[in-house]
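# Residue-level structural notes
Here is what each chain is made of, one letter per residue.
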Amino acid sequence: MQIDGSNYLLAIDTDDSSEIDAKYSSLSLDKVVEVLAKSKALTKIIVLDACRNNPWKRAWHRDIAMRGLASVYAPKGTIIGFATSPGETAADGVGRNGTYTEALLQHIDTKDCPIETMFKRVRNTVAAASQGKQTTWEHTSLAGEFYFNLGIDKIVKEYDETALADGLFGLDNSKLSHKIIEGLKSYNWYVQNPALLKLDEKSVKPMSINNLFVLGRNIYQAACGSSGAADVFIEDFKSRTAQFGKLKRKALLDGMLFEIFFDSTGNLRPKIKSKYFDEVFDLQKIPELKASFEFIADTLSAAGANFIQLLVVGTYWTLPFQQRKKKERLSC
């Protein structure tokens, strides 16, 4: 609530005897903003669903001008969202959450929606729910774009959306790469193994980077399904792909690494596909394959994955938290 033109976050043990007591037994919002302003984070977000009626206003004989929350200065790189406009109060809503929080929950996870656009959608939803009585408000000094849910195709520019979300990938049997992919998708070793044997220095020349990326994903998938040819391909990746060319070799390995962490819709897996994790990450020891591990590290970071880096015998390993036990074994 607002006291003397400044905003305070009330604690459960805030002293309500007087405005002065309440002020000095609460947390100053200005302090929170100042602490965030000193953060090295490029984007700082404060969302206040706290514009309520003051339960003590009669006891304090408050002026009508002191209703709601006061305006707040937003330092560079900060956006502050309010449930309602300065000087006004907000409705509590009729459900589990207040009107404002209900609207936030509805829009915050919208894919590829900039934060400013998300708040506009929240404002329209709240206005409709309150019959125009409540108008949400933001103070912002953001210099860049921020998304709560950025699609993988916006994060990775090297490959098409249908390669990153390969559930959308359409097969064209006039292309050899597509025939190999179709064979690998068969879940039949007698089809998978001979299909992969068609991938060699000659056949790879006309294949596009996107097709090779999807091919890499399906090689890893087939190996996890116990395809002997796919297993051998991963273990012998260095020599099997030595003559493929730098970019095409990278696309194959990028696809294999991507398949470990991302599903067919391009979303992070809740649990990584780890059956051949050790074999694939052993390739990080080969200097000419370093670019692929930089690719997956950058992609995981941009996608908001929780992962750690571990220095093992002079080599950086990028591991998700789910792999902590495996990491400890590797470090031994």
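Before reading further, recall that the structure is shown in the block above.
Each chain has its residues counted from 1, following the order in which its sequence is written. In view of the model being predicted, local features appear only for residues whose pLDDT reaches at least 70, and side-chain atom pairs are presented and counted only at 80 or more, with totals across whole chains, interfaces and linings using the full set of residues. Only hydrogens and water are set aside when side-chain values are computed; all heavy atoms of the structure are taken into account.

Elements are defined by DSSP. Helices are runs of H or I of four residues or more, strands are runs of E of two residues or more, and each kind is numbered from the N terminus. Across its full length, the chain holds 17 helices and eight strands. Should any heavy atoms of two residues lie within 4.5 Å, those residues are considered in contact. Taking contacts inside the chain between residues at least 6 apart in sequence as the whole, the part at least 24 apart equals 62%. Computed with the Shrake-Rupley method and a 1.4 Å probe, the accessible areas treat only the protein chains shown as cover for residues. Accessible area for the chain stands at about 17,700 Å²; split by element, carbon and sulfur atoms hold 52% of it.

Right, let's talk about the environment of Ile80 for a bit. Take Ile80: it is sitting in strand β5 (residues 78-82). Each C-alpha atom of the pair Ile80 and His139 lies 5.2 Å from the other, and the pair is 59 residues apart in sequence. With residues up to four places along the chain from it excluded, the contact list for Ile80 reads Val33, Ile46, Leu48, Val72, Tyr73, Ala74, Trp137, Glu138 and His139.

Moving on, we come to helix α12 (residues 228-235). The classification of residues rests on relative accessible area computed with a 1.4 Å probe and restricted to protein chains. Under 20% of the type maximum is buried, over 50% is exposed, and intermediate values are partly exposed. Considered for burial, the residues of α12 that qualify are Ala229, Ala230, Asp231, Phe233 and Ile234. Among the structural elements, α9 (189-197), α11 (209-224), α13 (237-240), α14 (246-261) and α15 (277-281) are those in contact with the buried residues of α12.

Side chains on a regular strand alternate between the two faces of the sheet. By the criterion of burial, β5 is predominantly enclosed, with five of the five residues buried. In β5, alternate side chains face the same way, and those of Thr78, Ile80 and Phe82 on one face and Ile79 and Gly81 on the other are all buried. Here five bridges tie strand β4 (residues 44-48) to β5, and the two strands are oriented parallel to one another. Bridge pairing links Ile45 to Ile79 in β5. When DSSP locates at least two bridges between a pair of strands, those strands are taken to pair. Note that β5 and strand β6 (residues 137-140) share four bridges and pair antiparallel. Bridge pairing in β6 places Phe82 opposite Trp137.

This next bit is on the sheet that holds strand β1 (residues 2-3). Ordered in space as β1-β2-β3, the three strands form an open sheet in which the pairing is antiparallel. A strand with exactly one partner marks an edge of an open sheet, and here the two such strands are β1 and β3 (27-28). As defined by bridge partners, β1 adjoins strand β2 (residues 6-9) across two bridges and the pair is classed as antiparallel. Across the sheet, the residue bridging to Gln2 is Asn7, located in β2.

A word on the packing of α14 against helix α16 (residues 290-302). Running from N to C, α14 and α16 point in directions that differ by 35°, and their axes come no closer than 9 Å. With respect to the hand of their crossing, α14 and α16 are arranged in right-handed fashion. Residues Lys250, Leu253, Asp254, Leu257, Phe258 and Phe261 of α14 form the contact with α16, whose own contacting residues are Ala291, Ser292, Phe293, Phe295, Ile296, Thr299 and Leu300. Residues are sorted three ways: Asp, Glu, Lys and Arg are charged, Ala, Val, Leu, Ile, Met, Phe, Trp, Tyr, Cys and Pro are nonpolar, and all the rest, Gly among them, are polar. A per-class count over the contact of α14 with α16 returns nine nonpolar, two polar and two charged. Whenever a helix is involved, its axis is fitted only over the stretch in contact; in every case the axis is a line through C-alpha atoms, and angles between N-to-C directions fall within 0 to 180 degrees. What makes a crossing left-handed is the near helix being turned counterclockwise from the far one by less than a right angle; a clockwise turn instead makes it right-handed.

A sheet is described by the order of its strands in space; here three strands give the open sequence β4-β5-β6, paired in mixed fashion. Each edge of the sheet is formed by a strand with only one pairing partner; in this case those strands are β4 and β6. Ignoring strand direction, the axes of neighbouring strands in this sheet form an average angle of 10°. Of the strands in this sheet, β4 and β5 are in contact with helix α2 (residues 29-37), which crosses β4 at around 160°.

It is worth spelling out the side chain of Thr78 at this point. One can find Thr78 in strand β5. Exposure remark for Thr78: the relative accessible area of 1% places this residue in the buried category. With near-sequence residues (within four places) excluded, Thr78 lies in contact with Lys44, His139, Thr140, Ser141 and Leu142.

Attention now moves to the packing of aromatic side chains. Pairs of aromatic rings are described using the distance from one ring centre to the other and the angle between the two planes. Ring pairs are drawn from Phe, Tyr and Trp, using the six-membered ring of Trp, whenever the two centres fall within 6.5 Å, and their geometry is named by plane angle: stacked under 30 degrees, edge-to-face over 60, tilted for the rest. With the rule as written, the count across this model stands at ten aromatic pairs. With a centroid separation of 6.3 Å and 80° between ring planes, the pair formed by Phe261 and Phe281 is classed as edge-to-face. Note that Phe261 is positioned in helix α14 and Phe281 in helix α15, a separation of 20 residues in sequence. Each member of the pair Phe261 and Phe281 is classed as buried. By way of ring pairs, the aromatic residues Tyr159, Phe213, Phe258, Phe262 and Phe295 are connected into one cluster.

Another point: the pattern of salt bridges. Definition used for salt bridges: Asp or Glu carboxyl oxygen within 4 Å of a side-chain nitrogen of Lys or Arg. With the rule as written, the count across this model stands at eleven salt bridges. Where Lys285 meets Asp282, a salt bridge forms, and the shortest distance between an N and an O atom there is 3.8 Å. Classification of Lys285 by relative accessible area gives exposed; the value is 53%. Here the residues in one salt-bridge network are Asp166, Arg217, Glu259, Arg269 and Lys273, joined through shared partners.

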